[in-house]
Amino acid sequence: MLRTRLLSCVLILFAASFLSAAPAVASRPGGGSEGPDQCTVMGEVTAIKENHTAVVRLKEIAGSTTENGCNVTGAAKMAAANTAVSVPIDIQPAPTIAVGDVVFVNVRSDTDVALETFAPGDFVMNQLMGELQLYFDNRIERYQIVYAIRTFFGVQHVIDELAPQLISETGEKRLSAALMLILLADNKQPVPPDALQQALRIGLMESRQSAVGSSIKLYPCDKAQTVNVLIGILHDKEVADPFATIVAIGEMGEEGRRAIPDAIDRLNAPNLSQVHDDGDKILAEAVEKTKSQDKAAHFFMQRVKDGTLKDKNGPLAKGMCRLHTDNADLNAWCHQSGAAPKTCADAVAKMNSFLQSLATTCQKDADCDAYYFPVGGPACHDRWFLPKASVTDAAKTTAEKLTALVRVSCPKDWQDKSQDCVPTVSWHAVCDAGKCANLKE
């Protein structure tokens, strides 16, 4: 179940040894032509039948053994249509599944569909734990690992094996055990509270996966005690990556407000952008979740004014400049220092530039149609009249991303105008002098 990111010869050999010899095998999305086309799809069990089959409603592509495997096998269309398929469950290793479970199936064609299987044993378990360390932040990976544990290993067995390792093991093995217990607890599996508490501390102190921080809501203590723990971790210099802890502070809501000065002090260091390239976003989200923008701005500007800010281009400075705040001193410093994010006008200009780059030429009226891209601020836009050939799936995806950029960059304008921006009701797309346009009545 290795992914596109692992494309070295060594890891390809590793993947080959990891795959189960059972009827279904794990997939490597985008891995190239290493074997026959096969697409792995996440789905939900909707029925268990007496003829040893399960009905699975396909939902989301998880990966492919070849670059175009999901299209060649028809799996992409099947997932998009939420197609229900029948898969045999009278297989070895025998799966443990029930109605409502999330499962993964391998599609070789619309008539050749089978459960993805994992051979229970120490070798495969070690590979799953290694995968989890790398991809804890990845939603699909998390689902697939839980599926493997629940369906082929047995949740209670795994918990009983891993919980003692939080004490008996050190280093990577202890961290892997901690992350697996956090993942299972997040999936509402019965991890004992004391083991979970210890696993969360280990995860926050030793992992570089920021999603560990969002799991702090599972911590079996009240918010005040939890914030005390997080402040202690921020002050522990042996914790190389503080960003998971900052995510956790945000999850504490307003109780986490008193930890914001500690977070700012911890991030006031050079070269932290090498630890996490999205650290500025992590900080800004935590500050806003704790509703401490004004406090953070005041504390940060003290560091600026007394000359103790160590990196004006680092995640601390850029994170502060992401805040939605009326603090004039902070806003002025952000624009003067170059740490300010792109402005609303920049985002709208980027959207307009993209739309204007689309071809408008046509030969007949049937070539044209009207398209509405709801930017919603700072100005309302009417429909765009474009040839259908210009509005490809790729163009639609780009437009959606740029619309999202406008929404983030223009929060006030978007909020004020997005509901009021309604395109004209009367329109008729025509080809006028070789270009798509609205028929003027």
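The preceding data block contains the structure.
Residues numbered from 1 in each chain as written. Predicted model: local features only at pLDDT ≥ 70, side-chain atom pairs only at ≥ 80, totals over all residues. Heavy atoms only, no water.

The full count for this structure, using the stated rule, is 16 salt bridges. For Asp265, the salt bridge goes to Arg303, with nearest N and O atoms at 3.3 Å. Pair noted here: Asp265 is in helix H13 (residues 260-267) and Arg303 is in helix H15 (residues 293-305), with a separation of 38 residues, a long-range link. On the basis of relative accessible area, Asp265 is assigned to the partly exposed category, the value being 38%. (Salt bridge = Lys/Arg side-chain N within 4 Å of Asp/Glu carboxyl O. Helix = DSSP H or I, 4+ residues; strand = E, 2+ residues; numbered from the N terminus. Buried < 20%, exposed > 50% of the residue type's maximum accessible area, 1.4 Å probe, protein only.)

What follows covers the nonpolar core. Ranked by internal contacts, the top residues of the largest apolar core, which has 104 residues, are Ile149 and Met180. In terms of residue count, helix H8 (residues 171-186) provides more of this core than any other element does, 10 residues in total. Non-local contacts of Ile149, meaning those with residues more than four positions away in its chain, are made with Met125, Leu128, Gly154, Val155, Val158, Met180 and Leu184. Grouped together as the second largest cluster of nonpolar side chains are 17 residues, Leu386, Val391, Ala399 and Leu402 included. (Core = buried A, V, L, I, M, F, W, Y, C linked by side-chain atoms within 4.5 Å. Contact = heavy atoms within 4.5 Å.)

Take a negative patch on the surface next. Together, Asp137, Asp277, Asp278 and Glu285 make up a negatively charged patch on the protein surface. Within the element layout of this structure, Asp277 appears in the loop between H13 and helix H14 (279-289). Overall, the relative accessible area of 73% leaves Asp277 in the exposed class. (Patch = residues over 30% accessible without salt bridge, like charges linked within 9 Å, V, L, I, M, F, W, Y side chains within 5 Å. Areas by Shrake-Rupley, 256 points an atom, 1.4 Å probe, with all protein chains shown as cover. Lys, Arg positive; Asp, Glu negative; His and termini not counted. Charge placed at Lys NZ, Arg CZ, Asp CG, Glu CD.)

Reading across from one edge, E3-E2-E1-E4-E5 is the order of the 5 strands in this open sheet, with antiparallel pairing throughout. The open sheet has two edge strands, strand E3 (84-88) and strand E5 (112-115), and neither has a second partner. Pairs of neighbouring strands in the sheet enclose a mean axial angle of 45°, with direction left out of account. Where strand E4 (residues 102-109) meets E5, 4 bridges bridge the pair, whose relative direction is antiparallel. (Pairing = 2+ DSSP bridges. Axes fitted to C-alpha atoms, helices over the stretch in contact; angles between N-to-C directions.)

The relation between two aromatic rings is expressed through the spacing of the ring centres and the mutual angle of the planes. Here the structure, examined in full by the defined rule, presents 5 aromatic pairs. The interplanar angle of 90° and the centroid separation of 5.8 Å between the aromatic rings of Tyr147 and Phe152 together place this pair among those described as edge-to-face. The buried category is assigned to Tyr147, whose relative accessible area is 0%. We classify Phe152 as buried; its relative accessible area is 9%. Taking 5.3 Å as the distance between ring centres and 75° as the angle between the ring planes, the aromatic pair formed by Phe300 and Trp333 counts as edge-to-face. Taken together, the positions of Phe300 in helix H15 and Trp333 in helix H17 (residues 328-337) put the pair 33 residues apart, joining distant regions of the chain. One exposure class covers both Phe300 and Trp333, and it is buried. These aromatic residues form a ring-pair network of at least three members: Phe104, Phe118, Tyr147 and Phe152. (Phe/Tyr/Trp six-rings, centres within 6.5 Å; stacked < 30°, edge-to-face > 60°.)

These results come straight from atomic positions and should not be treated as a statement about function.
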